[in-house]
Amino acid sequence: MTKVINKVVEDLTSEFTEVRKLTDDLFKTLSIEDAVIQSDPFGSPPNWHIAHVTWFFHKILLKYGEKLNLENINLDYLNSYYQKFEKILPKNDRGKFPRPTVSESLQYRKYLDKKVLLFLEKIEVSDSLTKEIQYDLRLANQHEMQHQELMVYDFQNYFERFSDSNDTYHPFKINDDIEKKIQNKRHSKEMVKIPGGIFEMGFCGDSFSYDNELPDHKVYLYPYEIDSTPVSNGDFLNFIEEGGYEKYEYWLSDGWDIVQEFNWNSPLYWFKKDDVWMKKDFFGISAINPDQPVINVSYYEADAYARWAKKRLPTEAEWEKAASWNEDLKRKTIYPWGNETLPTHEHANLLESFLWRPSFCGSYEEGKSFYGCYQMIGDVWEWTSSEYTLYPGFKSRFSEYTDKWAINQKVLRGGSFATPRRQIRNSYRNYFKPHERIQFSGFRCAK
Ligand SMILES: [Fe+2]
């Protein structure tokens, strides 16, 4: 038993250390001026992110009776939305209250790092690791990973406003050599056929999953086809050029209202210069690359495109079966390519690939699914047509985390180039409101 506990604590410790370091690395190239701005009501100031994730660990330690001495730092502004922790700063106001200050946030992080490591040592020595402690600490690590990705959305959104091409977020690390290796493979676009029948969707394994991926349960699927790659910028340009944003026939009513009200005529961040669609990203300003997956589109845009293409968006069960079912093994796998512990650079484009943009459609031969779908994990989140609801038999493991959001949101699957590799798997469920498009969301179609 002690041996098992040691291994779990060892894993938790290394995961914790790795996650905390990556957050620091993402943050450290920002100036103080850039660290305290809330670029959009959708997002948060980077300084808030790094303090808030620390506050989350803080709450976990308090739950288990740890004593903390933090009287000198004002932590009143760090509760995102937990009614159970009382005072909540409205999300829109995060940029108006830059407290803790940046130096205090960094100090707070250091202090909590020490406290969490001491707590882990203590539970290891005393053999007192319960399933609940384990889940809470894993959750806190995963929560910080989610905020790493949200921070990257904020960097894109914030720096895009400066017209100077070089005035952008400067990542602490860029791996352009991986991209050259991976992107030399092109795959012809096609749809793959998936047989129907009963499919058991949801997480099935011993490693971590969120409570909303459980329990796995049977669903019935009719035979369907699904795109083998995400929809590319080139595909989406055809939709635009054929008047996609001008014809109400393609749009859901709420989506059409938004197109009219905000004059949407392209994905977020695109602009036209000398008749060429351009965008500013982490590499400065350049022309839209037709071979990359389309990104920063809302559910409404994905759905309109699908209607224009005479297809539809897949349900989340269809998406999950295409990613996870292995007909030869007669079982699901955690990743499209199998059950390996963690995705590598060869499998998928995730945050630790440090590419900072999606790879070409049809990349990552090693990462394709049994049915031949590419990039189900990494590159771009994929909208599905499913509402975010809790699975039958759902049991909350940490109230207000995944449960109370199960209303008026659509499920996205698969992760993006900004998703940490320890976070994503076939059964992972992300959710956003249908009009939102600051997240790195694309899609593939089904029929
Ligand atoms: Fe959070």
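Every chain begins its residue count from 1, and numbering advances along the sequence as written. With pLDDT at 70 or above as the cut-off, local features in this predicted model cover only qualifying residues; side-chain atom pairs require 80 or more to be listed or tallied, and sums for whole chains, interfaces and linings still use all residues.

> Break down the nonpolar core for me, citing the residues and quoting the values.
Most often, soluble globular proteins keep nonpolar side chains buried together rather than apart. In this usage, the nonpolar core is the set of buried Ala, Val, Leu, Ile, Met, Phe, Trp, Tyr and Cys residues whose C-beta atoms join them within 7 Å. Burial is judged by counting other C-beta atoms within 10 Å of a residue's own C-beta: 20 or more means buried, 12 or fewer means exposed, and anything between counts as partly exposed, with every C-beta placed from the backbone. Counting 85 residues, the largest nonpolar core has Ala-302, Tyr-305, Leu-313, Ala-322, Cys-373 and Phe-440 as its most contacted members. Discounting chain neighbours no more than four positions away, the residues touching Tyr-305 are Val-231, Phe-236, Phe-239 and Gly-244. What counts as a contact here is a pair of residues whose C-beta atoms, placed from the backbone, lie within 7 Å.

> Explain the environment of Glu-400 to me, and be specific about the residues and the numbers.
Every helix listed is a DSSP run of H or I at least four residues long, and every strand listed is a run of E at least two residues long, numbered separately from the N terminus. In this fold, Glu-400 is placed in the loop between β10 (381-387) and β11 (410-413). Not counting the four nearest positions on each side in its chain, Glu-400 is found in contact with Tyr-81, Tyr-82, Gln-83 and Lys-84.

> How would you summarise the packing of helix α3 (residues 46-63) against helix α4 (residues 102-125) if you had to cite specific residues and measurements?
The convention used is that axes are lines fitted to C-alpha atoms, helices contributing only their stretch in contact, and that angles between N-to-C directions extend from 0 to 180 degrees. Viewed as axis vectors pointing N to C, α3 and α4 meet at an angle of 30°, and their least axial separation amounts to 9 Å. With respect to their mutual orientation, α3 and α4 come out roughly parallel. Here α3 runs over α4; the crossing is left-handed. Contacts between α3 and α4 involve Asn-47, Ile-50, Ala-51, Thr-54, Phe-57, His-58 and Leu-61 from the former and Val-102, Ser-105, Tyr-108, Arg-109, Leu-112, Lys-115, Val-116 and Phe-119 from the latter. Orientation categories follow fixed angle ranges, with anything under 35 degrees roughly parallel, anything over 145 roughly antiparallel, 65 to 115 roughly perpendicular, and all other angles oblique. Working rule for handedness: look at the near helix, and if it is turned counterclockwise from the far one by less than a right angle, call the crossing left-handed; if clockwise, right-handed.

> Kindly report on the sheet that holds strand β7 (residues 284-287), identifying the contributing residues and their values.
DSSP-based pairing: two strands are paired if at least 2 bridges between them are found. Read across the sheet, three strands follow the order β5-β6-β7 without closing on themselves; strand pairing throughout is antiparallel. Bordering the open sheet on either side are β5 (270-273) and β7, each of which pairs with just one other strand. Strand after strand, the sheet turns through a mean of 35° between neighbouring axes, direction not considered. Taken together, the four bridges between strand β6 (residues 276-281) and β7 define a ladder with antiparallel strand orientation. By the bridge assignment, Met-278 is partnered in β7 with Ala-287.

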